[in-house]
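Topology and contacts: notes
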Amino acid sequence: MSIETKLRARSESACELCTSSTDLAVYEVAPTTTGGVDDCAYLCQTCRSQIDKSSEVDVHHWRCLNESMWSQVPAVQVLAWRMLTRLSSEGWTQDLDTVGQFLKECMNKKNGAKALLKESFEAYCDWCMQGKVRPKSQPKFISDLKIRKIHIENGAHNNRIIPNWTLRE
Ligand SMILES: [Zn+2]
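Residues numbered from 1 in each chain as written. Predicted model: local features only at pLDDT ≥ 70, side-chain atom pairs only at ≥ 80, totals over all residues.

So, about the pairing of strand β5 (residues 160–167). For a regular strand, the rule is simple: side chains alternate between the two faces of the sheet. Where strand β3 (residues 107–116) meets β5, six bridges bridge the pair, whose relative direction is antiparallel. Counterpart to A115 in the pairing with β5 is I162. As paired strands, strand β4 (residues 153–154) and β5 are joined by two bridges and run antiparallel to one another. Looking at β5, one finds that E153 is bridged to I161. (Pairing = 2+ DSSP bridges. Helix = DSSP H or I, 4+ residues; strand = E, 2+ residues; numbered from the N terminus.)

The strand order across the open sheet formed by three strands is β3-β5-β4, and the pairing between neighbours is antiparallel. Taken across any chain shown, the strands that pair with only one partner, and hence form the sheet edges, are β3 and β4. Those strands touched by helix α7 (residues 117–130) are β3 and β5, and its axis lies near 60° from that of β5. (Contact = placed C-beta atoms within 7 Å. Axes fitted to C-alpha atoms, helices over the stretch in contact; angles between N-to-C directions.)

The next subject is the packing of helix α6 (residues 98–106) against α7. For the pair α6 and α7, interaxial distance at closest approach is 10 Å and the crossing angle is 100°. Relative to α7, the element α6 lies roughly perpendicular. Across the interface between the two elements, T98, F102 and C106 of α6 pack against A123, Y124, W127 and C128 of α7. Grouping the constituent residues of the contact of α6 with α7 by class yields six nonpolar, one polar and no charged. (Parallel < 35°, antiparallel > 145°, perpendicular 65-115°, else oblique. Nonpolar A, V, L, I, M, F, W, Y, C, P; charged D, E, K, R; others polar.)

As a further point, take the nonpolar core. A general tendency of soluble globular proteins is for nonpolar side chains to be buried together. Of all hydrophobic cores here, the largest spans 21 residues; its most connected members are A41, L43 and L79. Counting only elements with at least two residues in this core, the list comes to β2 (40–43) and α4 (74–89). Residue contributions to this core peak at five residues, all from α4. Among residues more than four places away in sequence, those in contact with L79 are L17, V29, A41 and I51. Membership of the second largest hydrophobic core comes to twelve residues, among which are F121, Y124, C128 and V133. (Core = buried A, V, L, I, M, F, W, Y, C linked by C-beta atoms within 7 Å. Buried ≥ 20, exposed ≤ 12 C-beta atoms within 10 Å, placed from the backbone.)

Turning our attention to the confidence of the model for the chain. Chain-level statistics for the chain give a pLDDT mean of 89 and a share of 93% at 70 or above. Averaged pLDDT values over the elements of the chain bottom out at 58 in helix α5 (residues 92–95) and peak at 97 in β5. (pLDDT = per-residue confidence, 0-100.)

Turning to the environment of D23, a few remarks are in order. Looking at the secondary structure, you find D23 in the loop between α1 (3–11) and β1 (25–28). The partly exposed category is assigned to D23, around which 13 C-beta atoms lie within 10 Å.

Turning to the pairing of β2, a few remarks are in order. Here β2 shows two buried faces, one formed by C40 and Y42 and the other by A41 and L43. Note: β1 against β2, four bridges, orientation antiparallel. Note that in β2 the partner of E28 across the bridge is C40.

So, on to α7. Look at α7: 20 Å from first C-alpha to last across 14 residues, which is about the 20 Å you get at 1.5 Å a residue. Along α7, the positions that sit buried rather than exposed are L117, S120, F121, Y124 and C128. Taken end-on, α7 shows its buried residues confined to a sector of 100°, consistent with a single buried face. The outward face of α7, more than 90 degrees from its buried face, is lined by the exposed residues K118, M129 and Q130. Each element contacted by the buried residues of α7 is listed here: α6, β3, α8 (138–147) and β5. (Expected span 1.5 Å × (residues − 1). Arc of directions from axis to C-beta.)

Below, the discussion takes up α6. An α-helix turns once every 3.6 residues. As a result, residues three or four positions apart point the same way. Within α6 the residues assigned to the buried category are T98, V99, F102 and L103. Down the axis, α6 shows its buried residues gathered within 140° of arc, on one side only. Among the exposed residues of α6, those oriented more than 90 degrees off its buried face are K104 and E105.

Here it is, written out as structure tokens:
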């Protein structure tokens, strides 16, 4: 039986880090001891390319490590821990464009709508916590919006609002 066949059985044809089922391939975890199935993980393209640094790290993708670090497979444990260490040591969790990602995932552009700044900032902080990323301060949040030409305005009752945006349910 080939290594790939064994890995497919072990992983139930799902990426052993993020459970994606697309574009799976054998990933050898160096340094290998036996070169066998125990030194390999079955990974999707997204995981492989980010581990190999051939594509940019998407921290939210790596939420999956919360689960996969408990894997019974040593090669998967090694990869998960390596990736967790890399994420924190290279400071990615601080330099990330969390505000841009948050807008993309949690807010919608809508003419004439308005989102309360307070609510939006709270939602942003929750979203960061879920992704185990440290949120930016509110002034930094506002200046990151400004970079995107989103300007805070004063709404009714002195509530500051983000015009033309809504929070997704
Ligand atoms: Zn994956």
